[in-house]
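Examination of the molecular architecture
Chain by chain, the residues:
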Amino acid sequence: VDVCWSVSFTLPYADVLRGAVFQSLYALLALRTGERVRIARAMATEVTYLGTLGPSKWARTERMIGRLRELTERIGHPYSTAMSLATSGIACCMNIRFAESIARLDAAIEIFRERCPGTAWEVTTAQFFLFVAMSYACRFRELRERHESALKDAIERGDHYGAVMLRIGVLN
């Protein structure tokens, strides 16, 4: 189950279509387990895939975000809440809704850090999209300070994934 999620959330950087196949499989397996946190994570990942459809399909993405928010409120688990905020923030970023993206990703990062041990990967991914949104929103001064701090932190913790992600794309 978790291998499918991992592939569905990382493969899209190289191949969105194949990643979507693993996302569909993960969603089915999560539903089969009946575990609400896994189901919420599957829905959260689906939000990012819907976000790639662009502004013309934003209403559809927003409906899924609403359903996900309802589920995470019922669950009351900090990881589900943070994933909901992070993936909806990523979807906002992909749809030129940078202020919403920044607010959601900031909130997600705070919850991951304060209430979800072992979520360095999730924090790095949220930071990457946060910094992309800040760049496109022209918040360069704040971006520079936060980016430098995040990169220093990743290097000090020996987080190679974090250090690489914070050195690529618009962040370079």
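Summarised in this report is the structure supplied together with it. Not measured: the values here are computed from a predicted model.

Turning to the overall build of the protein chain, a few remarks are in order. Counting its regular elements, the protein chain contains nine helices and zero strands. Element order for the protein chain, N to C, with α for helix and β for strand: α-α-α-α-α-α-α-α-α. When contacts within the protein chain are restricted to residue pairs at least 6 apart in sequence, those whose partners lie at least 24 apart make up 59%. Summing over all exposed atoms, the protein chain offers an accessible surface of approximately 9100 Å²; the carbon and sulfur share of this is 56%. Here the protein chain contributes 22 positive and 18 negative side-chain charges, whose respective centroids are spaced 5 Å apart.

Evaluation of the coordinates by the stated rule reveals 13 salt bridges. Notably, a salt bridge pairs E100 with R97, separated by 3.5 Å at the nearest N-O pair. According to the relative accessible area criterion, E100 is partly exposed, its value standing at 29%. Given a relative accessible area of 29%, R97 falls into the partly exposed group. Salt bridges sharing partners connect three or more residues here, namely D2, E35, R38 and R41.

We now examine unusual backbone geometry. Backbone geometry places I96, a non-glycine residue, at a positive phi of 60 degrees. The exposed category is assigned to I96, whose relative accessible area is 62%. Even without glycine at this site, C138 takes up a positive phi of about 65 degrees. Tracing the backbone shows C138 in the loop between α7 (120-136) and α8 (140-156).

Cut-offs applied
Residues numbered from 1 in each chain as written. Predicted model: local features only at pLDDT ≥ 70, side-chain atom pairs only at ≥ 80, totals over all residues. Heavy atoms only, no water. Helix = DSSP H or I, 4+ residues; strand = E, 2+ residues; numbered from the N terminus. Contact = heavy atoms within 4.5 Å. Areas by Shrake-Rupley, 256 points an atom, 1.4 Å probe, with all protein chains shown as cover. Lys, Arg positive; Asp, Glu negative; His and termini not counted. Charge placed at Lys NZ, Arg CZ, Asp CG, Glu CD. Salt bridge = Lys/Arg side-chain N within 4 Å of Asp/Glu carboxyl O. Buried < 20%, exposed > 50% of the residue type's maximum accessible area, 1.4 Å probe, protein only.

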